[in-house]
Amino acid sequence: MTIILHELKQNRLSLIIWTSGIGFLLAVCILIFPDIKMESSGISNLFSSMGGFTAAFGMDKVNFGTLTGFYAIECGNILGLGGALYASNSAISVLAKEEKDHTAEFLFTHPVRRIHIVTGKLISVLIQTVLLNAVLFLLAVSCILFIGEPVPWKELSLLHSAYFLLQAELAGICFGISAFLRRGSAGIGLGLAVMMYFLNLIVNLSDQWEFLKYITPFKYAEGTDIVTNLCLDLRLTLTGMALMTAGAACGYVKYCRKDIF
């Protein structure tokens, strides 16, 4: 418990900054929806004529003039990419920083097993991710009520659940990578999140790259598919959770056997 509280305290400023930044963009996006709704026919016609760009972002699957369609596309990109960057950035350095900051010598002198240290750090990353998503969900509901729109509870819950699972998967993978690093590297975590995002765009553009959907978590968190089908793709979601578990397991095995000193 001490390790968890220490990690949460140490990373509280980062959590506040990322939550505030993503939350601000999300709020602005929702608050401009009434204006977008008034011009929805013109915007929909514009997007429908943009060919591959329209398909890449799933704009051909939903009505941009509805709150769910608008939220899935515009807010979905903010929540998906922003949350992915935060989760990856948090997890990629959580184990490596002990060597980078030369605090491992102090930490391992305490009567606590490495497996407990790793577990505490992993739990702290997951708690931060939960807090980020909880705040953003409440903010989204508040902004939707403020603009006078009915809250689409089912669609909203499915979307935010998908974004949380996306972040958890990337956090698990980056957690595993972190155990192999001796110097924390935010660039690796952020680069991985961005790469996964663009892999999803490639999948949407061409069927010949469809196999990539089993690699990128952004596919099962595709907002336009979720609001259209009102469900998550179970096969892709389970594949993502398997990758998350495998990444975390690698982190445990490597760090518990790693020569720190």
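Throughout what follows, the structure given in this document is the object of discussion. (Residues numbered from 1 in each chain as written. Predicted model: local features only at pLDDT ≥ 70, side-chain atom pairs only at ≥ 80, totals over all residues. Heavy atoms only, no water.)

### Details of the environment of phenylalanine 218
Position of phenylalanine 218 relative to the elements: it lies in the loop between α11 (186-205) and α12 (223-229). Here phenylalanine 218 falls in the buried class, since its relative accessible area comes to 5%. Note: C-alpha distance between phenylalanine 218 and methionine 196 (22 residues apart in sequence) is 6.8 Å. For phenylalanine 218, the residues in contact, after removing those within four places along its chain, are Gly80, Leu81, Ala84, Leu166, Ala193, Met196, Tyr197 and Asn200. (Helix = DSSP H or I, 4+ residues; strand = E, 2+ residues; numbered from the N terminus. Buried < 20%, exposed > 50% of the residue type's maximum accessible area, 1.4 Å probe, protein only. Contact = heavy atoms within 4.5 Å.)

### Looking at a nonpolar patch on the surface
A cluster of nonpolar side chains, namely Ile202, Trp209, Phe211, Tyr214 and Ile215, defines an oily patch on the protein surface of about 440 Å² accessible area. Judged by its relative accessible area of 46%, phenylalanine 211 falls in the partly exposed class. (Patch = residues over 30% accessible without salt bridge, like charges linked within 9 Å, V, L, I, M, F, W, Y side chains within 5 Å. Areas by Shrake-Rupley, 256 points an atom, 1.4 Å probe, with all protein chains shown as cover. Salt bridge = Lys/Arg side-chain N within 4 Å of Asp/Glu carboxyl O.)

### Notes on the pattern of salt bridges
As enumerated under the stated definition, the model contains four salt bridges in all. Across the pair lysine 219 and glutamate 222 runs a salt bridge whose closest N-O atoms are separated by 3.8 Å. Residue lysine 219 shares its accessibility class with glutamate 222, and that shared class is buried. The partner of aspartate 225 in a salt bridge is lysine 219, and the shortest N-O contact between them spans 4.0 Å. Take aspartate 225 and lysine 219: they sit in the same class, and that class is buried. Overlapping salt bridges bring together Lys219, Glu222 and Asp225 as one network.

### Digging into the packing of helix α10 (residues 153-178) against α11
Closest axis-to-axis distance for the α10/α11 pair is 11 Å, and the angle between their directions is 140°. Put simply, α10 runs oblique to α11. Between α10 and α11 the crossing geometry is right-handed. Across from Leu170, Ile173, Cys174 and Ile177 in α10, the residues of α11 making contact are Ile188, Gly189, Leu192, Ala193 and Met196. (Axes fitted to C-alpha atoms, helices over the stretch in contact; angles between N-to-C directions. Parallel < 35°, antiparallel > 145°, perpendicular 65-115°, else oblique. Left-handed = near helix turned anticlockwise from the far one by under 90°.)

### Focus on the packing of aromatic side chains
Summed over all chains, the structure comprises six aromatic pairs. With 5.6 Å between their ring centres and 85° between their planes, tyrosine 197 and phenylalanine 198 make a pair best called edge-to-face. Both rings, one in tyrosine 197 and one in phenylalanine 218, keep their centres 5.4 Å apart while their planes meet at 80°; by these two values the pair is edge-to-face. In this pair, tyrosine 197 is assigned in helix α11 and phenylalanine 218 in the loop between α11 and α12, connecting sequence segments 21 residues apart. Accessibility classification places tyrosine 197 together with phenylalanine 218 in one group, the buried group. Ring pairs connect the aromatic residues Tyr197, Phe198 and Phe218, which therefore count as one cluster. (Phe/Tyr/Trp six-rings, centres within 6.5 Å; stacked < 30°, edge-to-face > 60°.)

Don't take any of this as a statement about function, it's just geometry.
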